[in-house]
Structure formats: C-alpha cells, structure tokens
Amino acid sequence: MHLKKKKKCACVSLVCFQVVWVLHCSQLGCLPAISIFTMCSLKSQCLRSKSPFCFNPSGAGGWSPSDSDHYQWLQVDFGNRKQISAVATQGRYSSSDWVTQYRMLYSDTGRNWKPYHQDGNIWAFPGNTNSDSVIRHDLQHPVIARYVRIVPLDWNEEGQIGLRIEVYGCSYWADVINFDGHVVLPYRFRNKKMKTLKDVISLKFKTSESEGVIFHGEGQQGDYITLELKKAKLVLNLNLGSNQLGSIYGHTSVMTGSLLDDHHWHSIIIERHGRNINLTLDRHMQHFRTNGEFDYLDLDYEITFGGMPFSGKPSSNSRKNFKGCMESINYNGNNITDLAKRKKLEPSNVVRGNLSFSCVEPHTVPVFFNATSYLEVPGRPSQDLFSVSFLFRTWNPNGLLVFSNFADDLGNVEIDINEGKVSVHINVTQVKKNRIDISSGSGLNDGQWHEVRFLAKENFAVLTIDGDEASAVRTNSPLQVKTGEKYFFGGFPVQMNDSDHSLFQHSFQGCMQFIHVDDQLVDLHAVEQGQLGSFANVTIDMCAIIDRCVPNHCEHGGKCTQTWDSFKCTCDGTGYSGATCHNSIYELSCEAYKHLGRTSNYYWIDPDGSGALGPLKVYCNMTEDKVWTTVYHDLPMQTSVGVQLSVLQLNYSATMDQISAITSSAEYCEQFISYSCKMSRLLNTPEGNPYTWWVGKANEKHYYWGGSGPGIQKCACGIERNCTDPKYYCNCDADYKQWRKDTGMLSYKEHLPVSQVVVGDLDRPGSEAKISVGPVRCQGDRNYWNAASFVTSSSYLHFSTFQGETSADISFYFKTSASDGVFLENLGNTDFIKLELKSATEVSFSFDVGNGPVEIIVRSPNQLNDDQWHRVNAERNVKQASLQVDQLPLEVRKAPTEGHTRLELYSQLYVGAAGGQRGFLGCIRSLRMNGVTLDLEERAKVTPGVKPGCSGHCTSYGMYCANGGKCVEKYNGYSCDCSRTAYDGPFCIKGRCFNARGRVWENYLLEKKHHVIKLSFSFSTTKSPCVLLSKYLRVLFAFLSLGNLQIRYSLGGTKEPYNIDVDHRNMANGQPHTVNITRNGRDIVLQVSSSLFGKVIEIGKIDQDIYKYNTPGFTGCLSRVQFNQIAPLKAALRPTNVSSHVHIQGELVESNCGASPLTIPPMSAATDPWHLDSGKLGFIETHLAFLCKKNKTEWMWLINDCRKCRKCKAGMTEICHQF
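Here, residues in each chain are numbered from 1, in the same order as that chain's written sequence. Where totals are concerned, whole chains, interfaces and linings use all residues; where local detail is concerned, this predicted model gives features only for residues with pLDDT of at least 70, and gives and counts side-chain atom pairs only at 80 or more. The side-chain numbers reported here are obtained from all heavy atoms of the structure, hydrogens and water having been left aside.

## Re the nonpolar core
How we decide: Each nonpolar core is a collection of buried residues, namely Ala, Val, Leu, Ile, Met, Phe, Trp, Tyr and Cys, held together in the definition by side-chain atoms within 4.5 Å. For every residue, the accessible area obtained with a 1.4 Å probe (protein chains only) is divided by the maximum for its type, and the residue is called buried under 20%, exposed over 50%, and partly exposed between those limits. Labels follow the DSSP assignment, with helices taken as runs of H or I lasting at least four residues and strands as runs of E lasting at least two, numbered in each case from the N terminus. Any two residues whose heavy atoms approach within 4.5 Å at even a single point are treated as in contact.
In this structure, Phe390, Phe392, Leu401, Ile426, Phe454, Phe489 and Met512 are the most contacted members of the largest nonpolar core, which totals 47 residues. With five residues, strand β27 (residues 367-378) is the largest single contributor of residues to this core. Aside from chain neighbours lying at most four places away, what touches Phe390 is Leu401, Val402, His450, Glu451, Val452, Phe489, Met512, Gln513, Phe514 and Ile515.

## Here's the deal with the pattern of salt bridges
Note the following rule: Salt-bridge detection follows one rule: a side-chain nitrogen of Lys or Arg within 4 Å of a carboxyl oxygen of Asp or Glu.
Applying the stated rule across the entire model yields 37 salt bridges. Salt-bridge contacts for Glu469 lead to Arg453; the nearest nitrogen and oxygen are separated by 2.8 Å. Highlighted residues: Glu469 in the loop between β34 (460-465) and β35 (473-475) and Arg453 in strand β33 (residues 450-457), separated in sequence by 16 residues. By relative accessible area, Arg453 is classed as partly exposed at 31%.

## Focus: the sheet that holds strand β48 (residues 646-649)
Put simply, the rule reads: Two strands pair under a simple rule: DSSP has to find at least two bridges between them.
The strand order β48-β53-β50-β51 describes an open sheet built from four strands, whose pairing is antiparallel. Two strands lie at the open edges of the sheet, namely β48 and β51 (701-702), each paired on one side alone. The pairing of strand β50 (residues 693-695) with strand β53 (residues 756-759) spans three bridges and is antiparallel. Across the sheet, the residue bridging to Trp693 is Val758, located in β53.

## A short note on the side chain of Ser755
Considering the arrangement of structural elements, one finds Ser755 in the loop between β52 (740-746) and β53. Non-local contacts of Ser755, meaning those with residues more than four positions away in its chain, are made with Leu648, Gln649, Leu650, Tyr652, Met656, Val695 and Gly696.

## A short note on the pairing of strand β19 (residues 266-273)
As judged from the eight bridges shared by strand β14 (residues 198-206) and β19, these two strands associate in the antiparallel manner. Pairing of Leu203 across the sheet is with Ile268, part of β19. Note: β19 against strand β20 (residues 276-281), six bridges, orientation antiparallel. The residue bridging Ile270 from the neighbouring strand is Leu279, located in β20. The loop that links β19 with its antiparallel partner β20 comprises two residues; one of these, Gly274, has a positive phi angle of about 65°.

## Here we look at helix α5 (residues 656-665)
For α5, the tally of buried residues reaches seven of 10 residues, placing the bulk of the element in the interior. All buried positions along α5 are accounted for by Gln658, Ile659, Ser660, Ala661, Ile662, Thr663 and Ser665. If you follow the buried residues of α5, they end up packed against β44 (601-605), β45 (616-622), β46 (627-631), β49 (668-678) and β54 (768-779).

## Some points on the state of the cysteines
Formally: Any two cysteine sulfur atoms within 2.5 Å of one another count as a disulfide.
Across all of its chains, the model carries 13 disulfides by this definition. Here Cys325 engages in a disulfide with Cys359; their sulfurs sit 1.8 Å apart. Its S-S torsion of about 95° marks the bond between Cys325 and Cys359 as right-handed, since a negative value means left-handed. Separated by 34 residues along the polypeptide, Cys325 in strand β23 (residues 323-331) and Cys359 in the loop between β26 (355-356) and β27 bring together distant segments of the chain. The exposure class assigned to Cys325 is buried, which follows from its relative accessible area of 0%. Judged by relative accessible area, which is 24%, Cys359 ranks as partly exposed. Two residues share a disulfide in this structure: Cys715 and Cys730, whose sulfurs sit 2.0 Å from each other. Handedness of the Cys715-Cys730 disulfide follows from its S-S torsion of about 85°: it is right-handed. One end of the pair, Cys715, is in the loop between β51 and α6 (716-720); the other, Cys730, is in the loop between α6 and β52, and 15 residues separate them in sequence. On the basis of relative accessibility, which here comes to 1%, the residue Cys715 falls in the buried class. Under the relative-accessibility criterion, Cys730 is labelled buried at 1%.

## Focus: the sheet that holds strand β59 (residues 832-839)
Rule in force here: Working convention: axes come from line fits to C-alpha atoms, limited for helices to the stretch in contact. Angles between N-to-C directions cover 0 to 180 degrees.
The strand order across the open sheet built from six strands is β56-β65-β58-β59-β60-β61, with neighbouring strands paired in antiparallel fashion. Each edge of the sheet is formed by a strand with only one pairing partner; in this case those strands are β56 (797-799) and β61 (854-859). Neighbour-to-neighbour, the strand axes of this sheet turn through a mean angle of 15°, independent of strand direction. Two elements, strand β58 (residues 821-827) and β59, share six bridges in a ladder whose sense is antiparallel.

## What to know about the packing of aromatic side chains
The line we're drawing: Side-chain rings of Phe, Tyr and Trp (the six-membered ring for Trp) are treated as a pair once their centres are within 6.5 Å; stacked means planes under 30 degrees apart, edge-to-face means over 60, and tilted covers the remaining angles. To sit over a ring, a charge needs its Lys NZ or Arg CZ within 6 Å of the ring centre and within 35 degrees of the ring normal.
Using the criterion set out here, one finds 38 aromatic pairs in the structure. Taken together, a centroid distance of 6.2 Å and an interplanar angle of 75° make the contact between Tyr187 and Phe189 edge-to-face. One exposure class covers both Tyr187 and Phe189, and it is buried. Ring centres of Phe814 and Phe920 lie 6.2 Å apart, and the angle between their planes is 85°; on these two criteria the pair is classed as edge-to-face. With Phe814 in strand β57 (residues 807-815) and Phe920 in the loop between β65 (909-911) and β66 (922-929), this residue pair connects regions lying 106 residues apart in the sequence. Comparing Phe814 with Phe920, the two get one shared label, buried. Taken together, the aromatic side chains of Phe369, Phe390, Phe392, Phe489 and Phe508 make up a single cluster linked through ring pairs. Sitting above the plane of the Tyr729 ring, Lys714 keeps its charged end 4.6 Å from the centroid.

Here's what the structure looks like:
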C-alpha cells in the first residue's frame, strides 16, 4: 500500500553563478533573474548580486574570496522555496583556484541552517581536480529550501578558493498552517462516525518544541489514533479495539525519529491496511502490526490536528498541543490545509489562540561546537554577582561548558558536563579551602536541550538544571565574587596562559543557544560579524547534531549508545555478537552441532542466522544415522475434552516463523497425533463433514489424521484397511460406547506444526474424548549440506542481486585442490563485493562502497587447498568489515567515520567465477548471505560445468569417528559405523556399561580361533577379591586380589599359568580403570570356547584361585569390553543379529555408572594411572591428552562411561563437547 506518486518535476537549472559582473547561461536555461548571491566571510561584509550566472567554459571569472580560509561561504537566495536535486561546480576559469571539498547548507529563512546529510553523516561533497571540468552531484534525496550556502572545506594547495556553481531543481509550493499551541484544527466527519479498513495520513511539520500532539482521533468503543512528539521523538499510539475482559488488548505504541525539535521540515506518511502499518518518517519506513484482533478503526465525530480537543478528561489535558508549522496535511484524500485556508474548517481554541497561514520563525540562534572550538564573549567586569545561563545539547558525557576568571585574582569558575552531570568548580584563592564543587542532573548527554543556570555571589552559589527549582543545588561556603572580563564557552583559545587553563581536558562537542552572561543575552550575530568577542571553529546559526542511533544500526535488540562522533552496540543477552549485533552466536541447526562433535542435548539454534527470526531452544537427538530436532509445546498428553466444539491451543517454545524455518530446511518432519474416543466421532467418514480438525501452518484447517495424507479424509486404519468397523475410515467414526483410538504421524511438513485442534461431537450424553499431540520432530538439514561442485574454471552459478546495503554477512564452506579462484562477486556502477582464494594460503574479502576499494586478507599457516572443508565468514557493516577462515584470528578493518556507507549493487551475483577472472575449482556448500541459504544444488542441475552435491565429507569429518569407528560417506554428510567397536552413538564414543551386584554373568560364544588377541575393558569397584574376566578352555583371566589387579594366562604349554601383577596400588577404589591385553605370536593358536564377565560358572575342573576369587562375584561397574572385533556387552545391551552368541544369567541392566560422580577425590599425578606421563592411556585418552597438551591446558578427568567430561579446564569446552 503506497501513496500515488506525484508527477516528477522536470530538473532545470535554478541558478548558475560565474562572476558578478558577467552573465552567461547554460543550455538548460536559467530561471528569471530573482536569485540573490551573497559572497561572504564570517568576519567581513557580504557582497550581493541580483543576477543568476551559468557555467561558460569559454568565459572568464568565478568566485574567489580575498582570504582563503574555513570562514568563507557563497550563499544563494532563490526568492522562494525550491526543490533542489543536484549541484555542480567548476573552479575559477583558467586558474589554479578550485575547491576540492565542500559542504552544502540550506534554510527557509537565511537563518537556522541545516547541513545536507547523507549516509547518516554531515556530507562533504568531493569537488574539482582542475579549474574547468564540471563535477555534478545528484542528491541522494532532494531538499526543499529558499537559501543554499556552499562552504568550502578544502582547496587546491597551489592556489586558493575558486568556484563556479550551478544548482538544479524545480519549483515547490505548499499551503502552510502555523499552530501557536493554543488552537486545534478539527476535521469533522459527515456521518459523525468513520469506520475505516484503510487509512493514509500524510503531512510535514517543523517545530522547536520537543512535546506536542500532532493529531488525535478517538471513538466511543475505545478505538483511538494519536501522533505526538515526546522528547523530540515521534510516537504513534493506535488501538483498533480491546474488550473489557482484557483478553483482547489492542493498544500499540511505536516510536521513531529523534531530534525533531530542530525547526526543520520533517515528512510523515502513515499507511494502514487492517493491522498492518507502514510508518514513514523522512524516508525511513518502519513496518509493524497492531496488537489485538480487530482490523477496523472506529472514530467518532472528528479528527483534530495540532492537539487534542478539550474534553474535561484528565488524560487529554495533560498533553501539550503542537506548537509550530504544518503543511500538506492530507487525511484519506482530503487536503486539510486547503480546506482550512478556504475556511471550510473552523479552528477550535483550547484557550485564546490563533491559527495563521504563514510560518512563524523562532528567535533562537544556536551555535555549534566541535572538538577544537571556543566562543569568547565579554561580560560586565567587577560585578559582585556572577550569573550565566544557557541551553545545551550533546551526546558526549564529558566536556567543558563555561570557564571564566574572577577579577583581582580571586579565582575562577568552571562549568562542565562530567559523566552526564553538570558540575561547577569554583577555585577560590582567598580562603583556606580553595575549591568549591557542586553538581546536579544526570543523563544530560541524551541529545535533548537542557537549561543550565548558575548564580554566585558573596558566600552563596546555586546551580539549577532545566528550571527545576526544587532540585537546585546550593552552597554557602565562604566565597568572594568579582566578575571578570571574558567568558569562554566550549573551550579555550590556544594562546591562553597555562595558569588560566581549566583542569578539565575535554572540549565541548554539541550545541548551545540562549546564552546569557551577567543577565544579558549574547548577540551571536554580532559575534559572527566580528563586532563582539571572538571565536574559533564554531558555526553560528546552526546546530549540526546527528543522532547516530536513529535509525538504529544495532540489530536484534542491541542497545545503541553514542558519542558525538560514533556509536556503540551492546549485544548482551541478545544471542548475537559483532559490532552491530549482526552475527548469531548459535549454530544454524542440530545438524551443525552434530558435526562439531556434540552429543544429544538441549541447544539454542538460529535457523536464519543473522536474519530477523531470533534463536530458539530445541532438543537435538543425535542418533547413529540421523539428527532429530524437537520443538515442544504445552498441551499435556491425553488432554480430556468435554465441551462442545472445544478449541485446544498449542503454545510452542518457538514462534510459528521459527518452526517454519526448521521445517522448510528439514528433509523430513513428523508430529504424532492421537484421538481417544468414546461415542465421539472424529472425521465422520466416509462422506460426512468432519467433527474434528486440526489447524496447521498459515492457520489452514486440515481434515486428515495421523498416518494419512493431505486431501484424504482418512485415519491410519483407513489407509491400512484395518479399522474396527470396515465401513468407516477411522476407528472413532464407528461411534462405539467403548474406548477406541486413532493415532499416527502427521508427516506432510508443509502443514506442520499443529497449532490448534478443534473437537466437536461432544454434546451427546456419554460422549468423551482425549487428545494427544506430540512435539514437532524434524531430521536432516538440507541447507547445511546444500553444495555444488565446480568442475571447470569458467563455470559459475548466478543469482539475483545481493541486497546488503548497510549490513552484509556471507558464510560458506569450501574445499579444493586448486591454489586460487573467485568464490563469488557482485558488481555495481563503482561499488562491488568479492570473495576469493588468492593463493593456497590466502583468502581475500574486498569491496567498495564509494570510499575506495578495501581488501582484507586472512593468511593461513597451513595449505587451504588440501581438499578438506574450510569455513569462511565475511561481514561488512557501517562500523567495520571482518573476515575469518576456520578458527584463525579474525581480521577486522574499521570503517571511516565519515563517507559512504551504503553498498549499491546492480549486477547479478556470480558464484564460482565472474568477469573473465579465474573461477573456483572445487566444492562450495552451505552458502548463506544475510541469513538466506542460496540453493546451489537446484541451480547446478541446470548449469553446465557445475554439478549438484559434493563428495568426500569423510576427509574432513572422519576424525570424529572415534574408537575405531569407520566413517561412511553419504550424499549429504557422513555417519560413523560403530558396529565393530565396543562403543556406539553418533561418534562411537558412548560406551556400554552395566552395574553388577555379584550375581550376574554374561557368556559370549566364540566360533573361531584367534591368532591375535586384543582385549580391552574398563571397570570400577570398591570390593575385592573378584573376577573381572575369564576365558576357557585355556585360561586367561583378570581379577582383583586385595585391590591389586592380576592377569593370569595359560597357553597350555606349562602346568602352571603365568601370573602378572599389573599394579600394586589399590584399584578397588571406586575410580575408573581401563585394561588392555594383547597377545600376538606366530606359532601360538588359542582355542577359546567362551568368555565370562562378572562371575564364572563352569562345569568341570576350575582353577582354585578362580574359584576363590569368583565366590563373592564382581560388584561394580564394567564397561567397554572388546575382544578383537567383538563387543560382548554391546551385543547384550543392543540386540542385533549377533545376539544369539550371548547368554546371560541373572538380570543384566544397562547403567550410566561410568558417568557417576567420583567417590573419592582425584588422584595426584604421581599416582594417577591415566596421567599423561604414565603411558597408560587408551586411544581416546591419548587423543584427548594430545589436544589438551597442544592447547597448553591441563588434562581433565573423564568418567569412564560414554566419555562425558566430568571436569573441564579453561579453554577445553569444545574438546569436551567433541568427546
């Protein structure tokens, strides 16, 4: 919804200037000779002319002031307001005089100047490089003004200021209404009531007041719309309807803009369609939706402009009316200003007031200070009353406001802003206590105007802020006052003696006005003309304050704070990081967490990365071959329904948009749904209208049930043809008096999630129903593995133009064996953005937003063309640009404080190659730009030289398959095959454990001879003696005797078995211990019948030692048992086709005993069998110890079960998660 565009005016030359005594015109032609040129220095008389002048390359002359300094300007008066669209310059004809940089100011009255802004800064136009070429600049946005002033900032070093100008634009006219704050203008409705679905309200205003109601309308049903100024910001309050019960709350309040009390024109457009609102202030549009459920705005009698009608209500009387000027007021096609001017509308006085049709200008004269400014004005010397007052506004928390020396060396007075407070320091030389300090106010660096009044006389001083006499700060300290000759505002002249200097080092940056010294208003125009006082680097009759936080460049709710020159974003608690809170600190999906080595748990994910959706918490279930993402809701299972047409609402732990982002990128989604019924029909099959339905995404109703599909009014039993009554397609439709049930999975992901279930057919006696809806579960992430292979150096993919004007982020993975190539590129007229592999060890991020090319390079110590996956993250915003490759240090380049900030691109985005450059050879996957994943695979299917997908994931991710697990290549990733290990889980790091109580044993039958024996197991116990493991018929067993671990084996060649005392320390200490036994001999053949764990039960002759130690049985935790490629515990606890070899006596129960807390404190390094120097580390422990050692961090304890970290030292969090 937009306003109808006005006819674009033809751009003509408004005025051309060459020299005052010669007239020439350009081919475009000049307007009639009404323009008045003023050539002036701030310290000299001004010269005026009433003739416009145009460029003439063959002519002579141009403006060149006698003094070339920063106080010169050239001013143009168009006679009335014009719409200015471009400006062009030349130097002085055939000379060395030209301007290389300048600013443009504009004004309606020749006072209260406003600098031209672009890209959030006071714009400095690039000028000429010689005297004759014409440099034209089309304004990014037109300005409307009667006066234009050109201020040279820099010029040719070998010459002086020289200038010829031409200004382009067209005529402008608008009716103006002046509101004095005591009158409102009502527009009364013909039918007394106005009920609208659509509204368009537009107007322009200017004011020097920070508070005031611009327009207001209300209705007796509680609807209202109010637009007002609060603290110089624009606030729109809107209510389309609420109810008395409070279940529908329609009030909506939106704030935009800042510093709107600058007495310059600001434009407003409000476009409403139902609950959708576009609020545009000065070309910055904000879109939002109103609260509540209603779409129509119901107003009664009238809408008033300039304030609220007097109603006697306290709420209406507490708001100030608008004081200032409005023009072009349009309400739903009605020209309010024209109707008022033609006296078709009658103004309404709140008190005695006046409505006029010409804009009344204020009498204020602001003065603008920068970091090197000062303003010196004379006072009334030798008075016994010191008095100073002024208004100031600034963003800086610190700065010198006023400094003055007392006469007769009695001391001095210093007033400054210190950490947002106004402080006064009186240095007294005649008394023992030589300094008096008082302060008042807080947060005064908020950009608003604040009044300071300070008065001092003998033994008394008072400081008042913003006229609040109740909070004025007074002192009665001994004090003698005699005013001096000079008062310095904002800073000091360089030539002042050091003894006169303030102790305060920060000069003031900001604006002041209404400066009074010794009860006299300072004539700043007299100061400007050199008739009074002195100054340096100030601008009089202009306040060039900028709110760098409006619009707010801090994204995702980041808090913006600012100084005069810059802004800062605080991202705490947002879930985002970076200079503008642009980058999500969370991974995109559970799939991404899995490939960081994480295990099943709750995680925060951010499906659209830097997009607007925000992070959400989900449960990630990392199974052996799939990763499931689960989002829960608050509806209990088996919820009873007993009211006719009950609506069950499901409230999820995420928004519908967030869930949609998960389902759209998933490969498969499902949601369990169940309907238990007793005399309550479900879908009323085969041909009736459904009694019950569910509502899915986009609030669509669906009439199929779990186990069925869209367009089929059936339940699962109707699909499988096994319903209780074959005449119906749902069990519940048979309408039995006994409980029946229809259950199944909803798996059409475009319809998920279930947001409501509406249940009917409950109005009959005896009808009952129960509803169960499971969480949404999705597996796979198509975005994460979305890849393309570039097989020739000239192949590329193309996409639509990248939209990243003020904020852009690009991330992707690549792998290649080539040494260089362009990843992607997008071009504008002069702007561009490009990422490339510059060499085998260098990645480059380059761009140009109009300030010249910028290149950031990350250099890797290792080769990047190693055919393994590498991750690239590039970002560019108004604060900085950055580039990171893998985990290498982030390279950052700060943006210039002034200059272009918008990246303007026009060409298509090319991925893989562009512009005849050497293209990329290899794979690119998961390419995301500003949170949007580009579908490389789909585009590659129709592009020669590019293939969808990419193979070879195990080369990069195979290291995560631990404990001998095998990496298995998949089209969209990889998985770990743990079948030949004692471990399982997605990374073969989850050990199988059981807790024995002395009466459990497991027998695993072996079917072949083993020439090589590799045996390993882990245990923890506090009781001995006990048998841990035994093999027959030839003996190989491990047992604990008095806590000492002993290994005994016999190969049959000797009468007595060999005994090995592994360790004389007590291993029955509750700590985890791992044992590895290997036997390898060329001539040895070991015949094994069975292996027993926990307690030996054998028929026949039993070794007496085994019998002795076996009697009590093993009590403790046994885990990770592996004999060569056989994992007996795993086979017993995870039944498979090898489970027939397993025989269990007693109750074998899986346990997490290996993850239990340690029963005694950790052992010292000298006694710790797992210490790095002990040489007794298993594979996982060795690998982990290496990583810890590499990171110069102490190793941490691991609980035996499932390799979960029990204690993690600093910097090892990621390694802990991986193992």
